[in-house]
Amino acid sequence: SEKARTLLEMETPKAVTNVETRITGSVRNLCLAAKEACEKLGYESMILTDALQCEAKEAGAFLVAIAKTHQNTDKSLAFIAGGETIVHVTGKGLGGRNQELALSAAEGLAACKNTAIFSVGSDGPTDAAGGYCDENTKEKLRRAGMNIYEVLKENDAYHALQKTGGLIITGATGTNVNDVAVVLIRRRFL
């Protein structure tokens, strides 16, 4: 009917022709920038992937496995993984996928020497873009009366990392090209 056609035309969005879209960055570019920064600091660097898509806890465990595999190196190494992990929220805590990825690595990092894992997002609504853990994080949490598994169960990585000095605060970046996680194994003084 004429009335139905008129209603349909009113509800149908009109094409916008004066909009230009420019892609100025990508997760691949983010990984390449991280690789370049690590190399400037003296780390031999490798991009593992720019398509990481799994649970944040699984990504943390995977990156710890990489760190453990390379503990016998005499070189400073950096392994970079870009993408975007997910978190299934079961608790009532505070934190995001990057903080949870880092904290989930803390248990395994306790057995590593001069090794750290950090993960940051290129966007985000909170003050903390990500988190950092090293071989001392587990002990710091224990001294603070916190259990890693309980914290992760409550999805409260923010408060745990806050207690250890492991929150990464960047401020607004003005972009969104996914996340980057980095394993750093330091073997010579830089």
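Details of the structure are given in the entry above.
No experiment lies behind these values; they were computed from the predicted model shown.

Trainee: Looking at this structure, I do not really get the packing of helix α4 (residues 97-109) against helix α7 (residues 157-164). What am I missing?
Mentor: The geometry of a pair of packed helices is captured by two quantities: the angle between their axes and the separation between those axes. Relative to each other, α4 and α7 sit at 60°, their axes nearing to 9 Å. What the angle tells us is that α4 and α7 run oblique. The handedness of the crossing between α4 and α7 comes out as left-handed. Residues Gln99, Glu100 and Leu103 of α4 pack against Ala157, Tyr158, Ala160 and Leu161 of α7.

Trainee: In this structure, what is going on with α4? I would like to understand it.
Mentor: Given 3.6 residues per turn, any residue in an α-helix points the same way as the ones three and four places further on. The end-to-end C-alpha separation of α4 is 18 Å, in line with the 18 Å expected for 13 residues at 1.5 Å each. Most of α4 is tucked away: eleven of the 13 residues are buried. Three or more residues of α4 are buried, namely Asn98, Gln99, Glu100, Leu101, Ala102, Leu103, Ser104, Ala105, Ala106, Gly108 and Leu109.

Trainee: Teacher, can you tell me more about the sheet that holds strand β5 (residues 167-169) here?
Mentor: One key point about sheets: their strands pair by backbone hydrogen bonds, in either a parallel or an antiparallel sense. Spatially, β1-β2-β6-β3-β4-β5 is the arrangement adopted by the six strands of the open sheet, whose pairing is mixed. Looking at the sheet topology across the chains shown, the edges are occupied by β1 (44-52) and β5. This sheet shows a mean twist of 20° between the axes of neighbouring strands, independent of strand direction. In terms of strand pairing, strand β2 (residues 77-83) meets strand β6 (residues 179-185) through seven bridges, oriented antiparallel. Residue pairing for β6: alanine 81 is matched across the bridge by alanine 181. Docked against the sheet, helix α2 (residues 27-40) engages β1, β2 and β6, running at close to 165° with respect to β1. Each of β4 (128-134) and β5 is contacted by α7, which is oriented at about 60° to β4, the strand it contacts most.

Trainee: Any chance you could explain the side chain of threonine 73 here in plain terms?
Mentor: Mapped onto the elements of the fold, threonine 73 is located in the loop between α3 (56-69) and β2. Taking the relative accessible area as the measure of exposure, threonine 73 reaches 18% and is therefore buried.

Trainee: Hey, could you run me through the pairing of β1 in this one?
Mentor: If a strand is regular, its side chains alternate between the two faces of the sheet. Pairing of β1 with β2 involves six bridges; the strand directions are parallel. Each bridged residue has a counterpart across the sheet, and for threonine 49 the counterpart in β2 is alanine 81. Handedness of the β-α-β unit built from β1, α3 and β2 comes out right-handed.

Trainee: Just checking my understanding: could you explain the environment of glutamine 71 for this structure?
Mentor: With respect to the secondary-structure elements, glutamine 71 resides in the loop between α3 and β2. By relative accessible area, glutamine 71 is classed as buried at 17%. Between the C-alpha atoms of glutamine 71 and asparagine 114, which are 43 residues apart in sequence, the distance is 9.1 Å. Contact partners of glutamine 71, with chain neighbours within four places excluded, come to Cys112, Lys113, Thr115, Ile185 and Arg187. Separated by 3.0 Å, the side chains of glutamine 71 and threonine 115 make a polar contact.

Trainee: Where do I start with the pairing of strand β3 (residues 115-121) in this structure?
Mentor: For β3, the buried fraction is high: six of the seven residues fall into the buried class. Of the strand pairs in this sheet, β3 and β6 are connected by seven bridges, and their pairing is antiparallel. Paired with isoleucine 117 across the strands is valine 183, a residue of β6. Direction of pairing for β3 relative to β4: antiparallel, over a ladder of five bridges. Counterpart to valine 120 in the pairing with β4 is glycine 130.

Criteria and thresholds
Sequence order as written defines residue numbering, which begins from 1 separately in each chain. Reporting of local features is limited, given that this is a predicted model, to residues whose pLDDT is at least 70; pairs of side-chain atoms are given and counted only at 80 or more, and all residues count toward the totals for whole chains, interfaces and linings. With hydrogens and water set aside, each side-chain value is computed from the structure's full complement of heavy atoms. Fitting a line to C-alpha atoms yields each axis, with helices limited to the stretch in contact; the angle taken between N-to-C directions then spans 0 to 180 degrees. A run of H or I in DSSP becomes a helix once it reaches four residues, and a run of E becomes a strand once it reaches two; helices and strands are each numbered from the N terminus. Convention used here: angles under 35 degrees read as roughly parallel, angles over 145 as roughly antiparallel, angles from 65 to 115 as roughly perpendicular, and any remaining angle as oblique. Here is the rule for handedness: rotate from the far helix to the near one, and if that takes an anticlockwise turn smaller than a right angle the crossing is left-handed, while a clockwise turn gives right-handed. Two residues form a contact once any of their heavy atoms are found within 4.5 Å. The span expected for a helix works out to 1.5 Å for each residue beyond the first. Only protein chains enter the area calculation, which uses a 1.4 Å probe; residues under 20% of their type maximum are buried, those over 50% are exposed, and those in between are partly exposed. Strands were regarded as paired on the criterion that DSSP finds at least two bridges between them. Every crossover in which the path from the first strand over the helix to the second runs clockwise, viewed with the strands pointing away from the viewer, is termed right-handed. We define a polar contact as two N or O atoms separated by no more than 3.5 Å, with the added condition that, inside protein, one atom must be a possible hydrogen donor and the other a possible acceptor, whereas residues neighbouring each other in sequence contribute only through side-chain atom pairs.

Read these as spatial facts, not as claims about activity.
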